[in-house]
Structure formats: C-alpha cells, structure tokens
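Observations on the three-dimensional arrangement
So you can see what is in the structure, the chains are spelled out below.
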Amino acid sequence: MTSLSPLLKQATPVVVDHALGSWIYGTAGREYLDFTTGIGVTSTGHCHPKVVEAAREQVGKVIHAQYTTVMHKPLLEFTEKLGEVLPTGLDSLFFANSGSEAVEAAVRLARMATGRPNIVVFQGGFHGRTVAAASLTTAGTKFSAGFSPLMSGVHMSAFPYAYRYGWDQETAVGFALQELDYLLTTRTAPNDTAAFLIEPALGDGGYIPTPPRFLEGLRERADRHDILLIFDEVQAGVGRTGKYWGHQHSTALPDIQIMAKGIASGFPISAIAASTELMSKGWPGSQGGTYGGNAVSAAAGVATLQVVEDEGLVENSRVRGDQLQAGLLDIQSRYPVIGNVRGLGLMQGIEFTAPDGSPDAATAAAVQQATTDQDLLTLTCGPAGNVVRLIPALVVTEREIEQGLERFDAALAAVTASAGSAAGN
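So, a few notes on the structure that sits alongside this text. (Residues numbered from 1 in each chain as written. Predicted model: local features only at pLDDT ≥ 70, side-chain atom pairs only at ≥ 80, totals over all residues. Heavy atoms only, no water.)

Remarks on helix 8 (residues 212-225)
Note: α-helices contain 3.6 residues per turn, so residues at a spacing of three or four share the same orientation. An ideal rise of 1.5 Å per residue puts 20 Å on 14 residues; helix 8 measures up with 20 Å between its terminal C-alpha atoms. Close packing links the buried residues of helix 8 with strand 5 (118-122), helix 7 (169-186), strand 7 (193-198) and strand 8 (228-232). One or two steps after helix 8, the chain reaches Asp226, where phi turns positive at roughly 55°. (Helix = DSSP H or I, 4+ residues; strand = E, 2+ residues; numbered from the N terminus. Expected span 1.5 Å × (residues − 1). Contact = heavy atoms within 4.5 Å.)

Examining the packing of aromatic side chains
Tallied over the entire structure, the rule returns 9 aromatic pairs. When the centroid spacing of 6.4 Å and the interplanar angle of 70° are considered together, the rings of Phe122 and Phe196 count as edge-to-face. Here Phe122 is found in strand 5, whereas its partner Phe196 is found in strand 7, with 74 residues between them in sequence. Phe196 shares its class with Phe122; the two are buried. When the centroid spacing of 5.3 Å and the interplanar angle of 70° are considered together, the rings of Tyr165 and Phe175 count as edge-to-face. Of this pair, Tyr165 sits in helix 6 (residues 162-165) while Phe175 is found in helix 7, placing the two residues 10 residues apart along the sequence. Members of the aromatic cluster, connected to one another through ring pairs, are Phe122, Phe159, Phe196 and Phe214. (Phe/Tyr/Trp six-rings, centres within 6.5 Å; stacked < 30°, edge-to-face > 60°. Buried < 20%, exposed > 50% of the residue type's maximum accessible area, 1.4 Å probe, protein only.)

Notes on the pattern of salt bridges
Using the criterion set out here, one finds 20 salt bridges in the structure. Arg221 is paired through a salt bridge with Asp181; the nearest N and O atoms lie 2.7 Å apart. Of this pair, Arg221 sits in helix 8 while Asp181 sits in helix 7; the two residues are 40 residues apart in sequence, bridging distant segments of the chain. We classify Arg221 as buried; its relative accessible area is 11%. What you see here is one network of salt bridges that share partners, running through Asp181, Glu220, Arg221 and Arg224. (Salt bridge = Lys/Arg side-chain N within 4 Å of Asp/Glu carboxyl O.)

Describing the packing of helix 3 (residues 73-83) against helix 10 (residues 295-310)
Close contact between helix 3 and helix 10 brings their axes to 8 Å; oriented N to C, the two are set at 35°. Handedness of the crossing formed by helix 3 with helix 10: left-handed. Contact with helix 3, carried on its side by Pro74, Leu75, Glu77, Phe78, Lys81 and Leu82, involves Ala295, Ala298, Ala299, Gly301, Val302, Leu305, Gln306 and Glu309 of helix 10 and no other residues of that element. Looking at the contact of helix 3 with helix 10 residue by residue, the class counts come to 9 nonpolar, 2 polar and 3 charged. (Axes fitted to C-alpha atoms, helices over the stretch in contact; angles between N-to-C directions. Left-handed = near helix turned anticlockwise from the far one by under 90°. Nonpolar A, V, L, I, M, F, W, Y, C, P; charged D, E, K, R; others polar.)

A closer look at the pairing of strand 6 (residues 154-157)
Going residue by residue along strand 6, you find His155 and Ser157 tucked away on one face and Val154 and Met156 left uncovered on the opposite face. Bridge count between strand 5 and strand 6: 4 bridges; the pairing is parallel. Along strand 6, the bridge assignment pairs Ile119 with Val154. (Pairing = 2+ DSSP bridges.)

As for the environment of Ile208
Its place among the elements puts Ile208 in the loop between strand 7 and helix 8. Sequence-wise, Ile208 and Pro160 are 48 residues apart; in three dimensions their C-alpha atoms are separated by 9.3 Å. Look past the residues within four positions of Ile208 in its chain and what remains in contact with it is Phe159, Tyr161, Ala201, Leu202 and Arg342.

Observations regarding the sheet that holds strand 2 (residues 23-26)
Pairing is mixed across the open sheet formed by 4 strands, whose spatial order is 1-2-3-13. With one partner strand each, in any of the chains shown, strand 1 (16-20) and strand 13 (376-377) form the two edges of the open sheet. Taken together, the 2 bridges between strand 3 (residues 31-34) and strand 13 define a ladder with parallel strand orientation. Within strand 13, the position partnered with Leu33 by the bridge is Leu376.

What to know about the side chain of His72
Looking at the element boundaries, His72 is found in the loop between helix 2 (49-59) and helix 3. Judged by its relative accessible area of 5%, His72 falls in the buried class. Separated by 2.9 Å, the side chain of His72 and the backbone oxygen of Gly293 make a polar contact. Sequence-distant contacts of His72, that is, excluding residues within four places in its chain, are made with Ala65, Tyr67, Gly293, Asn294, Ala295 and Ala298. (Polar contact = N/O pair within 3.5 Å; in protein donor to acceptor, adjacent residues only side chain to side chain.)

Examining the packing of helix 7 against helix 8
Helices that pack against each other are described as a pair by the angle of their axes relative to one another and the distance between those axes. Interhelical geometry of helix 7 versus helix 8 gives an angle of 25° and a closest axis separation of 10 Å. With respect to helix 8, the axis of helix 7 lies roughly parallel. Helix 7 and helix 8 meet at a crossing whose hand is right-handed. Of the residues in helix 8, those touching helix 7 at Glu170, Val173, Gly174, Ala176, Leu177, Leu180, Asp181 and Leu184 are Arg213, Phe214, Gly217, Leu218, Arg221 and His225. When the residues that make up the contact of helix 7 with helix 8 are grouped by side-chain class, the tally is 7 nonpolar, 3 polar and 4 charged. (Parallel < 35°, antiparallel > 145°, perpendicular 65-115°, else oblique.)

Structural data, given as structure tokens:
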C-alpha cells in the first residue's frame, strides 16, 4: 500500500475535513483553534469568502497561462496591487512558486548585478530547503545536512540573539555589527560581497525579531560598500508583525525584497521585488519557470491584499499581537520553564529553558503536543527545537486570542503537573 514518505513528521494527528477563519474542523468531529496557519500562510484565515470566490471565478476562466508565453489579467492586477504596498523604489517584480525559488532568484540577481560571488547570511536564518536556499540557511543542520557539497560563496555572521548571549539588546546588536565588520575584514572582502540576506524576524530560527538598529546598521554598511541588502519577508510579510512588512519596524529599506506565504492566503505563489534598474542587471533568460505567477494563485493574491486592506488586518495584527504577547508574559510569570517570550504582531515565540540555562526541547515538544489535546494547534521551531511558535491568522479576534491563551495555559499546566508527578516518583 502506497504511503507518504516516512521522513515527513506530522506535528499533530489532525486530519482536516474543512476549515474556516481561525478554525480547523477534523474528520473526527473536533474543532481546533489554528495558531499555525499553514506556517504563516493562511493570512486572511482559512477559506476567506472573498479569496475563495476570486479563485473559484478564475478557475472557470483559465487555470494555467504560462506568463512568459501569454500574459493573464490576474498577474497584471497582482503586480499593480503589490506595487501599492511595496517599499518605495521597488517597482519591478518577478514571480515564482515558493519561498525557496524566490530566495534563489534574489541571490542570482544579486550576483549578476554586482558581479560579486559572496552572500552574507546571519546565524539562525531560514531561507528554504532547495540546495542553494539550504546553503543559505543556518536555522539548524537538518535543513542542509546529508547532501553536500552545498553552494559555495556563503558566509555566516552573528545575529543579535540577546537572550542566547545573556545580554541586553543594545549589547547584542553592537557585538553582531562588530562581528560583521570583522567578517568583511577577514573572510569576504566587500568587493567580493554581493549581498547581505536577512529575515526581519527569524522564522525557523526561533521567532526572534531582528532589532531595528541591526537592520539599519546593515543598510549603512551596504551603502558604504556597494553591497545589496536583501530582506526575506517570506514569513514576516503582509501584516504578520503588525507592520505591512517586517522591516518597517526600522528605517532600513531593501534593495531586493522576497515574498511568499501570506501574499495569497494559501495559494502557491512567491515573488522578488527590486528597482527596474537593478532587475535589468540580471542576465537575459535568467528568470522564468513553468508555474510561476499562476493565474489562480495571482487572483487569490489580489483578493488577499484587498481583504488585508479592507478589513484593517495589519492593525488587527498589531493589536491582537499585543494582546497575545501580554497574555504570554503573564503565563511566563507563572511557569519557570519559560525562559523568554518575544515576537512582533501575530508572530510570537515562547522559548523553554532548563534550570541550568540550556535549551529545553523536551518540554517544548511536550507542550506543543499538549496544546493539540486542548484543541489548539501550535508548532515548534528554533535550532534546538525548544521554541513554541504561535502564528494566528490576521483575522483572529479578541475572543479567539483569549481562547488560545486559555488553552496554552491549560497545556502548560498539564505538562508541568506531569513532570512534577514524574519527579515525585
């Protein structure tokens, strides 16, 4: 009997029958509050009626119209719609299917445009699973181990992970910027460096917001050395952090921006944006792909961005994110196993730490499983797997955040009571 690969590990035992808004309804009849949203993909919630209608209508017109062969209206509309919200100067778009594809397109463009070979990434970053994207990923060895050699020309610098170092944020930022300067002095000369590539908030690396001063420090060094600055907004974009784009918590602007996940509410489409001048420096024929800019995905993207605008979902992310973080900080005060709570908007991470300060992956895993028992769906992340991440849909309500906090608290209580009982025996 054919089955899925045994290498695919399910985070929950749930089999979905249908889903709507913040809720997943399982085939066994249980209702789950979904704080995973397909790893930050279903930004407007499950099956938003306007997104569903846009996709349904488009399916009846044309499903696939390969966009370097013939152009289709949804992609033209999506391009225009994204142009309304992209940072100033990013007026040229290339569409692909996945975040990994978009990352590779951004790196290809950066190398071609500068004529330089090297890319600097930052510790804990996640940029995808394909060979080049995995070569750029430092969120854990599982993403790149076992299929070397990886892509050459990648150099890693420190990320200002203040909690890990045991420092305040300013100290961590100062250290990380110094380490970057040292890297440019000792390993990859500025005139060999095409780009800095960073997430405005680490995703798989632990849900750690990138401090604004660090992004601004990267921008200053990029300008000084004629290095391109690439922001990977795959997970942090489209309102996830309480700003439209995650980097907007700082004053730094990218030369290239990468997008995917939440831009189309679950339909597979990704993009990179740059200025027309920069995009034109890529080599002819270097961009393309069979399924990139799919018509149905593009139509869903247009509807998604319209819903985000019409329903004020960026502001809802900020307000509900503040509510979620306040509740998590209250929970932290009652559970010593939580070492750190951090995040921006509806992208919150809870790091579990053992009494000796080491990562407590076992408790994080137990809590993630226990939340499912409480009908709340969550995920883990972080290099050690000791962070539980909460990613509600941007449409989440005040009451749903309350419910999520109640269920998370109950899961923690169950896990800590079980651990206490085991210790007593």
